Every structure is written in structure tokens, then in C-alpha cells.
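# Chains, contacts and geometry: an overview
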Amino acid sequence: MKTLEQHLSEYAKYHRDQRNIFTHYIGIPLIVFAFLSLLSRPAFEVTAPIVGALLLSPALLVWVIGNVFYLKLDVKLGLTMVVLTGALLYIAQPLAQSATWLWLSASIGIFVGGWILQFVGHHFEGKKPAFVDDIMGLAIGPLFVVAELGFELGLRGELQAKIEETSGAVH
């Protein structure tokens, strides 16, 4: 299994233009939200001893699998992803329980809007999206956004330096 640094460095090679990264700050959360909303049907409510009422859905399964992957790569970033993607899942579930026309039109509209932002960013970058060459880019994208936001806040400087050594500095 690749390391956190390897995954982020490979993804970063397609994301060195600051404008592209900024479009990802909005576009990727929109895509993740819409994806979780679309996967939140069917949902079955069960009562669990510790958490109380819980909606079981394909979205919850994807959320668990994705976050286990992130936690294996890095505990601190993984825990951040658990919280952030958990919040998106929590917000997406009520939309999925709304009228079918509203759920589908809103989820698909948000999904398409998120992808439009991605492609605008890649127009600035002058490069294709990372997932075109490596499908793992779809899973690494959300983690990349969180890592980049952390770098902008002055966190994980050593990781940032290693990524920039491999992929180049952001311009």
C-alpha cells in the first residue's frame, strides 16, 4: 500500500496552480456531499446501543470504508476526514429522505456543479484531472483538500515540504 506522502505527491502533480486548488476546496466537498446523498437511499433505521438511531445505507458503508482507508494512511488526517465527511453524510441523509424529485435534482445538480468547478480548475492548471491516470485520485481528492487547507494554516510543514520536493511548489 502506498504511503500518505506517495498518494498526496502523485495527486499534487496535477494540482500545482493555486486557482485549481481553490476550485477543489469548493468542488470536492460538493461532489462528496452529492455522492453521499445519492447513496443514502435506500436507508433503514436501526437502534444501536451507543449511538441510538442510526440510518444504515450504502452511503454509510462507503463512509466507513473510505475513512478506514484514510485512518490507515494517517491518524490525524484520518480523524479530520471522519469528522468532515461525517458532517457531510449527516447533512446529506435528510436530503435523501425528501421527495424523490427534490433528492435527485438537488443531488445531481450539486454533483454536476462540483465537477464543473473541477474542470474549470484543471483548465487553469492546463492538466487533466488526476483520476484520469489513476482512479485512486477519486479517493485521494478529498484528503488532498484537507491536507492543503492544513498546509495553508501552517500545519504539517514537513509533509508539505516532502510533497513539494516531489511534485513542485504551488504557484
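Residues numbered from 1 in each chain as written. Predicted model: local features only at pLDDT ≥ 70, side-chain atom pairs only at ≥ 80, totals over all residues. Heavy atoms only, no water.

## So, the overall build of the protein chain
- Assigned secondary structure in the protein chain consists of seven helices and two strands.
- The C-alpha atoms of the protein chain give 17 Å as radius of gyration, which agrees with the globular expectation for 171 residues (16 Å, within 12%).
- Expressed along its principal axes, the backbone C-alpha trace of the protein chain runs to roughly 50 × 35 × 30 Å.
- When the 171 residues of the protein chain are sorted by exposure, 40% land in the buried category.
- In the protein chain, the proportion of contacts linking residues at least 24 apart, taken out of those at least 6 apart, comes to 72%.
- For the protein chain, the exposed area adds up to about 9,200 Å²; of that, 71% sits on carbon and sulfur atoms.
- In the protein chain, 11 side chains carry a positive charge and 13 a negative one; their mean positions are 3 Å apart. (Helix = DSSP H or I, 4+ residues; strand = E, 2+ residues; numbered from the N terminus. Rg over C-alpha atoms; globule rule 2.2 N^0.38 Å. Buried < 20%, exposed > 50% of the residue type's maximum accessible area, 1.4 Å probe, protein only. Contact = heavy atoms within 4.5 Å. Areas by Shrake-Rupley, 256 points an atom, 1.4 Å probe, with all protein chains shown as cover. Lys, Arg positive; Asp, Glu negative; His and termini not counted. Charge placed at Lys NZ, Arg CZ, Asp CG, Glu CD.)

## Comments concerning the layout of surface pockets
- As a volume, the largest pocket reaches approximately 680 Å³.
- Of all elements in the fold, only α2 (18-38), α3 (58-73), α5 (100-125) and α6 (137-152) reach the threshold of two or more residues within the lining of the largest pocket.
- In terms of residue count, the dominant contributor to the lining of the largest pocket is α3 (seven residues).
- Residue composition of the lining of the largest pocket, grouped by class: 21 nonpolar, nine polar and no charged.
- As a volume, the second largest pocket reaches approximately 400 Å³.
- Contributing to the lining of the second largest pocket are 22 residues, with Thr 80, Met 81, Leu 84, Val 146 and Leu 149 lying nearest its centre.
- Broken down by secondary-structure element, the contributors of at least two residues to the lining of the second largest pocket are α2, α4 (75-96) and α6.
- Counting residues per element, the lining of the second largest pocket draws most heavily on α4, which supplies eight residues. (1 Å grid on protein atoms, 1.4 Å probe; cavity = no way out; pocket = protein on both sides within 12 Å on 5 of 7 lines; lining within 4 Å. Points joined across faces, edges and corners; volume = space filled by probe spheres on them. Nonpolar A, V, L, I, M, F, W, Y, C, P; charged D, E, K, R; others polar.)

## Digging into the pattern of salt bridges
- This structure, assessed with the given rule, holds five salt bridges.
- With its nearest N and O atoms 3.6 Å apart, the salt bridge here joins Glu 148 to Arg 16. Of this pair, Glu 148 sits in helix α6 while Arg 16 is found in the loop between α1 (4-12) and α2, placing the two residues 132 residues apart along the sequence.
- Among the residues examined, Glu 148 registers a relative accessible area of 6% and is labelled buried. (Salt bridge = Lys/Arg side-chain N within 4 Å of Asp/Glu carboxyl O.)

## With respect to a nonpolar patch on the surface
- The grouping of Phe 44, Val 46, Ile 50, Val 51, Leu 54 and Leu 56 at the surface amounts to a nonpolar patch, some 580 Å² of accessible area in total.
- Those elements that provide at least two residues to the nonpolar patch are β1 (44-48) and β2 (52-56).
- Here Val 46 shows up in strand β1. (Patch = residues over 30% accessible without salt bridge, like charges linked within 9 Å, V, L, I, M, F, W, Y side chains within 5 Å.)

## Structural notes on the UniProt feature "transmembrane region" (unreviewed entry) in the protein chain
- Taken from the UniProt record, the annotation "transmembrane region" (unreviewed entry) applies to residues 21-40, 46-70, 77-95 and 101-120.
- Its end C-alpha atoms 27 Å apart, residues 77-95 is made of 100% helix and 0% strand.
- For residues 101-120, the helix share is 100%, the strand share is 0%, and the end-to-end C-alpha distance is 28 Å. (UniProt positions renumbered as here; feature names shortened; annotations may be inferred.)

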